[in-house]
Amino acid sequence: PQEAAVGLDGNAVIAIDCGNENALFLLEDGTVWTCGPNNYGQQGTAEAGSYVYEPIRIPGLENIVQISSGWGHCMARDAEGHVYAWGRNTGGQVGNGTTKNVQTPCLLSLEGIVDIECGGKFSLAVDNLGRLWGWGENDQGQLMDTGRKAKVTEPMLMSTDFPIREIACGGSTAYALSEDGTVYAWGRNDFWQLGIKKGNSSKVPVRVELPE
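Note that the structure is predicted; figures quoted are calculated from it, not measured. (Residues numbered from 1 in each chain as written. Predicted model: local features only at pLDDT ≥ 70, side-chain atom pairs only at ≥ 80, totals over all residues. Heavy atoms only, no water.)

Draft legend 1. Structural view of the overall build of the chain. Within the chain, the regular secondary structure consists of zero helices and 16 strands. With respect to the principal axes defined by its C-alpha atoms, the chain has extents near 50 × 35 × 30 Å. Split into buried and exposed, the 212 residues of the chain put 50% on the buried side. A separation threshold of at least 6 residues defines the contact pool for the chain, and within that pool the share at least 24 residues apart is 44%. Accessible surface for the chain amounts to roughly 10,300 Å². Of this, 48% is attributable to carbon and sulfur atoms. Taking the average place of the 15 positive charges on the side chains of the chain and the average place of its 26 negative ones, the gap between the two points comes to 12 Å. (Helix = DSSP H or I, 4+ residues; strand = E, 2+ residues; numbered from the N terminus. Buried < 20%, exposed > 50% of the residue type's maximum accessible area, 1.4 Å probe, protein only. Contact = heavy atoms within 4.5 Å. Areas by Shrake-Rupley, 256 points an atom, 1.4 Å probe, with all protein chains shown as cover. Lys, Arg positive; Asp, Glu negative; His and termini not counted. Charge placed at Lys NZ, Arg CZ, Asp CG, Glu CD.)

Next comes the structure, spelled out in structure tokens:
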């Protein structure tokens, strides 16, 4: 049976992350709770119905320190640097080598991860060496130049010539903060979300010039 939420009043919640149709709550005890629709398996349990009206605990996730949601898929990182993913997987964004939706969290083939982010239909992770990993859809160059692959179904090491400290994702756009404090962006740019006055997508990171 589903474990009902008890006292999610903010006292035990240390992080909240929202996808386009779901919400994740990270508690200080390292457990993850969720609510919302379950059309892609984003509630993380096969026992969930079509909708989860009140937060329930996702089984199998313990010692979690970071959560992230995309357009129907989710990720969680534990304190040892392992990454779990589940939910919508039509573009390979879960990272388990398939394009079938995943109802329960699966452990990915990654180690030493220090940051994770879900894009719309893609995912990124940074390891403790400052290296960037990516998987999922690549229709706008959000996974950079991965041999012109439209979909990447397992984590792939992405080529960057700078160590990365932190990442962020939009629908089809990605951003990275390098160790020296420089911001880079790549992917979709039809609304100038890369921070450059150029309407084309970019498969290579472009430096974002921020005002001093």
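Draft legend 2. Highlighting the nonpolar core. Formed by 41 residues in total, the largest nonpolar core has its most connected members in Trp 86, Leu 124, Leu 132 and Trp 186. By size, the runner-up hydrophobic cluster in this structure holds nine residues, among which are Val 13, Phe 25, Cys 35 and Ile 56. (Core = buried A, V, L, I, M, F, W, Y, C linked by side-chain atoms within 4.5 Å.)

Draft legend 3. Structural context of the environment of Glu 47. Among the secondary structure elements, Glu 47 is positioned in the loop between strand 3 (32-37) and strand 4 (51-57). Residues Glu 47 and Ile 196, spaced 149 residues apart in sequence, show a C-alpha to C-alpha distance of 46 Å.

Draft legend 4. Region of interest: the sheet that holds strand 2 (residues 23-27). Ordered in space as 1-2-3-4, the four strands form an open sheet in which the pairing is antiparallel. Only two strands of the sheet have a single neighbouring strand rather than two, namely strand 1 (13-18) and strand 4. Across this sheet, the average inter-strand angle for adjacent strands is 10 degrees, counted without regard to direction. By the bridge criterion, four bridges tie strand 3 to strand 4 in an arrangement that is antiparallel. Directly across from Pro 37, in strand 4, lies its bridge partner Tyr 51. (Pairing = 2+ DSSP bridges. Axes fitted to C-alpha atoms, helices over the stretch in contact; angles between N-to-C directions.)

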